[in-house]
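# Geometric and topological summary
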Amino acid sequence: MRSDSVTKGMQQAPHRSLFNALGMTQEEMNRPLVGIVSSYNEIVPGHMNLDKIVDAVKLGVAMAGGTPIVFPAIAVCDGIAMGHQGMKYSLVTRELIADSTEAMTMAHAFDALVMIPNCDKNVPGLLMAAARLNIPTIFVSGGPMLAGRVKGEKTSLSSMFEAVGAYAAGNMSLEEVQEYERKVCPTCGSCSGMYTANSMNCLTEALGMGLRGNGTIPAVYSARIQLAKQAGMQIMELLKKDIKPRDIMTKEAFMNALTVDMALGCSTNSMLHLPAIAHEAGIELEMDVANAISAKTPNLCHLAPAGHTYMEDLDEAGGVYAVMNELDKKGLLKIDIITCTGKTVAENIKGCINKDPEVIRPIENSYSETGGIAVLKGNLAPDSCVVKRSAVVPEMMKHQGPARVFDCEEDAIEAIKGGKIVAGDVVVIRYEGPKGGPGMREMLNPTSAIAGMGLGSSVALVTDGRFSGASRGASIGHVSPEAAVGGNIALVEEGDMIQIDIMANTISFDITEEELAKRRANWVPRQPRITTGYLERYASLVTSGNRGAVLEVNKK
Ligand SMILES: CC(C)(O)[C@@H](O)C(=O)O
Ligand SMILES: [Mg+2]
């Protein structure tokens, strides 16, 4: 056992003295040491219940003969970090979570790990750590929040953000906004639409790293506690059989995850995180691959913000396995690959039928023949950009309009709220990329303002930053290369005509080669906005959005 190096032999007598200090018995020291990575804290609503999950996992591990040992991971609430400088510190925590988990695991020679994430960056951060460390690992998340209820209708956080836009446009009263404020987030858990946290928790199941229900069982259901106990017991099975993350997270598993992503209509952030996780597993996931999968995968779900169904509905309908079952009818998944259940995908999804065709469309009656996400390319984004196609209204699938250029999110918000953006405009927000921000801010405020002010069917937004899973409309993000490294998005000028064709996967602006060369010659790099601390180091190492914004030494 890996842990023998801290528990067995004469040289380890000092180590054992410290395990004694922890109150551990000799029996516990003799058993496999299972690290439980707890993302519990008191600021993230999606994490405030993780202490209960941790307790249940510990019980499961102990029941199956292991010694559970808890250590923490930090976690940011993107909702609370939204729309201010704090959002620069969100994506960047993904790397801190991965790195600190690596450090704790290596330092203490754990034999196996149970990862307990829930919100946006903890899921990919811990999946990255799992792929990097490659010791037996299983995931159990905290689970989604129940939907809120306003005026008898289910609702969620995306409507809350849009209510602010509606208020600014004079379309909603203060009392109504306050009612949303009180009611949209009624329980603990990750906010109840197909936002980033739930997208990533569902994809953990699709990747084979979490048990059935990991993505969908609501945080407040007792079934979530049972799932945690099962995960605790199952890690001991994985340890016995020596099934490791890279045995599970193969190229085929990532293809399955991308396929499920397209069917579920996941957050565009999945297009950052899946390549980053794959990179840790030694697999390079190109954006072109995502597009090829999107081209042949029907979109089956329209959860909020694309529609009016929520995670609790998806769970009732049969969850991720039921979606996979639909996809399997057209042979869209690799089903003979191993998962954390110790079984293949085929064995896992057998008999998991779709119980609600309103929530999971049958494959022969999909929302669209192609997937929820589209990757676009053209002179505005030579290395690609992404859009949640399933949340774009038909009128905006093809759009042409003048560029309205802003060099930061705040300036764009001021213009939108000030009524300076009109129907037809294409709002360009740049210098918000991984290096430029730094930290690639997630911009739910401008997209919600556009939607809430009734401009969703006439205004597009293009950025080298990123979006929330709660963003809808023609919100096109991750433009690569980003402005800060001199990408073409830095060369766009106010009034340039921009053409977007989402079904054709193209995005460009009208400019001659000569004019583009002239603008490039005149372009002067911006001074970094932040020159101290973690963000300075992050900006110096981060790659572009199309590479998953992974950190790399001495590379662009
Ligand atoms: C606040 C949200 C909704 O969680 C957002 O951060 C997302 O990415 O989906
Ligand atoms: Mg987010």
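As the structure is a prediction and not an experimental result, all values here were calculated from the model. (Residues numbered from 1 in each chain as written. Chains lettered and ligands numbered in written order. Predicted model: local features only at pLDDT ≥ 70, side-chain atom pairs only at ≥ 80, totals over all residues. Heavy atoms only, no water.)

### A closer look at the environment of serine 5
Locating serine 5 in the fold gives a position in helix 1 (residues 4-7). Judged by relative accessible area, which is 41%, serine 5 ranks as partly exposed. Measuring from C-alpha to C-alpha, the distance between serine 5 and phenylalanine 110 comes to 9.8 Å, with 105 residues separating the pair along the chain. When near neighbours in sequence (up to four residues on either side) are disregarded, serine 5 contacts Gln12, His15 and Ala109. Among the polar contacts made by the side chain of serine 5, one reaches the main-chain carbonyl oxygen of arginine 2 at a distance of 2.8 Å. (Helix = DSSP H or I, 4+ residues; strand = E, 2+ residues; numbered from the N terminus. Buried < 20%, exposed > 50% of the residue type's maximum accessible area, 1.4 Å probe, protein only. Contact = heavy atoms within 4.5 Å. Polar contact = N/O pair within 3.5 Å; in protein donor to acceptor, adjacent residues only side chain to side chain.)

### Section: the sheet that holds strand 2 (residues 67-72)
Reading across the sheet, the 4 strands line up as 2-1-3-4 and stay open at both edges, with parallel pairing between neighbours. This sheet does not close on itself; its edge strands, each paired only once, are strand 2 and strand 4 (137-139). Adjacent strand axes in the sheet meet at a mean angle of 20 degrees, parallel and antiparallel pairs treated alike. Of the strands in this sheet, strand 1 (33-38), strand 3 (112-116) and strand 4 are in contact with helix 11 (residues 222-241), which crosses strand 4 at around 155 degrees. (Pairing = 2+ DSSP bridges. Axes fitted to C-alpha atoms, helices over the stretch in contact; angles between N-to-C directions.)

### Concerning the site of ligand 1
Around ligand 1, the neighbouring residues are Asp78, Gly79, Asp120, Leu157, Tyr195, Thr196, Asn269, Glu442, Ser468, Gly469 and Ala470. Contact between ligand 1 and glutamate 442: an oxygen atom at 2.2 Å from a side-chain N or O atom of the residue. Within the backbone of glycine 469, a nitrogen or oxygen atom sits 2.8 Å from an oxygen atom of ligand 1. Bound to the protein, ligand 1 loses 94% of the 270 Å² it would expose on its own. Its residues assigned to classes, the shell around ligand 1 comprises 3 nonpolar, 5 polar and 3 charged. Each of domain 1 (31-145 + 173-349) and domain 2 (374-547) gives at least three residues to the shell around ligand 1. (Near = heavy atom within 4 Å. Areas by Shrake-Rupley, 256 points an atom, 1.4 Å probe, with all protein chains shown as cover. Nonpolar A, V, L, I, M, F, W, Y, C, P; charged D, E, K, R; others polar. Domains from an automatic or database assignment.)

### Here we look at the coordination of the magnesium ion (ligand 2)
In an ideal octahedron of six donors the angles at the metal are 90 or 180 degrees, and in an ideal tetrahedron of four donors they are 109.5 degrees. Looking at the metal site, the magnesium ion (ligand 2) is ligated by Asp78 (OD), Asp120 (OD), Glu442 (OE) and Glu442 (OE), spaced 1.8 to 2.4 Å from it. Note that the magnesium ion (ligand 2) binds 6 donor atoms; their angles at the metal cover 55 to 170 degrees, and the shape is irregular. (Donors = N, O, S within 2.8 Å, 3.2 Å for Na, K, Ca; no water. Tetrahedral: all angles 85-135°; square planar, octahedral: opposite > 155°, others 65-115°.)

### What about helix 4 (residues 50-63)?
Helix length check: helix 4, at 14 residues, gives a terminal C-alpha distance of 20 Å against a target of 20 Å (1.5 Å per residue), a fit within 8%. Buried within helix 4 are the following residues: Leu50, Ile53, Val54, Ala56, Val57, Gly60 and Val61. The buried residues of helix 4 all sit within an arc of 165 degrees when viewed along its axis, so they share a single face. On its buried face, helix 4 is in contact with strand 1, strand 2, strand 3 and helix 11. Of the residues flanking the end of helix 4, it is glycine 65, one or two places downstream, whose phi is positive at about 100 degrees. (Expected span 1.5 Å × (residues − 1). Arc of directions from axis to C-beta.)

### Points about the pattern of salt bridges
A side chain with one charge can pair with a side chain of the opposite charge if their charged atoms come near. For the structure shown, the criterion picks out 33 salt bridges. Measuring nitrogen to oxygen at the nearest pair gives 2.6 Å for the salt bridge that ties lysine 154 to aspartate 313. Remark: aspartate 313 occurs in helix 16 (residues 311-316) and lysine 154 occurs in strand 6 (residues 153-155); sequence separation between them is 159 residues. For the salt bridge of arginine 547 with glutamate 552, the shortest nitrogen-to-oxygen distance reads 3.0 Å. Looking at glutamate 552, the relative accessible area reads 12%, which means it is buried. (Salt bridge = Lys/Arg side-chain N within 4 Å of Asp/Glu carboxyl O.)

### What about the pairing of strand 10 (residues 426-429)?
Burial along strand 10 is two-sided: the face carrying Val426 and Val428 and the face carrying Val427 and Ile429 are both buried. Where strand 10 and strand 11 (residues 460-463) come together, 4 bridges link them in parallel fashion. Each residue of the ladder has a partner; that of valine 427, found in strand 11, is leucine 461. As for the winding sense of the linkage, the β-α-β connection from strand 10 through helix 20 (residues 444-452) to strand 11 is right-handed. (Right-handed = clockwise from strand over helix to strand, strands pointing away.)

### Quick notes on the packing of helix 10 (residues 196-207) against helix 14 (residues 270-280)
It is at 11 Å that the axes of helix 10 and helix 14 come closest, and there the two elements cross at 40 degrees. Compared by their axis directions, helix 10 and helix 14 come out oblique. Crossing handedness for the pair helix 10 and helix 14: right-handed. Together, Thr196, Met200 and Leu203 of helix 10 and Ser270, His273, Leu274 and Ile277 of helix 14 make up the contact between the two elements. Residue composition of the contact of helix 10 with helix 14, by class: 4 nonpolar, 3 polar and no charged. (Parallel < 35°, antiparallel > 145°, perpendicular 65-115°, else oblique. Left-handed = near helix turned anticlockwise from the far one by under 90°.)

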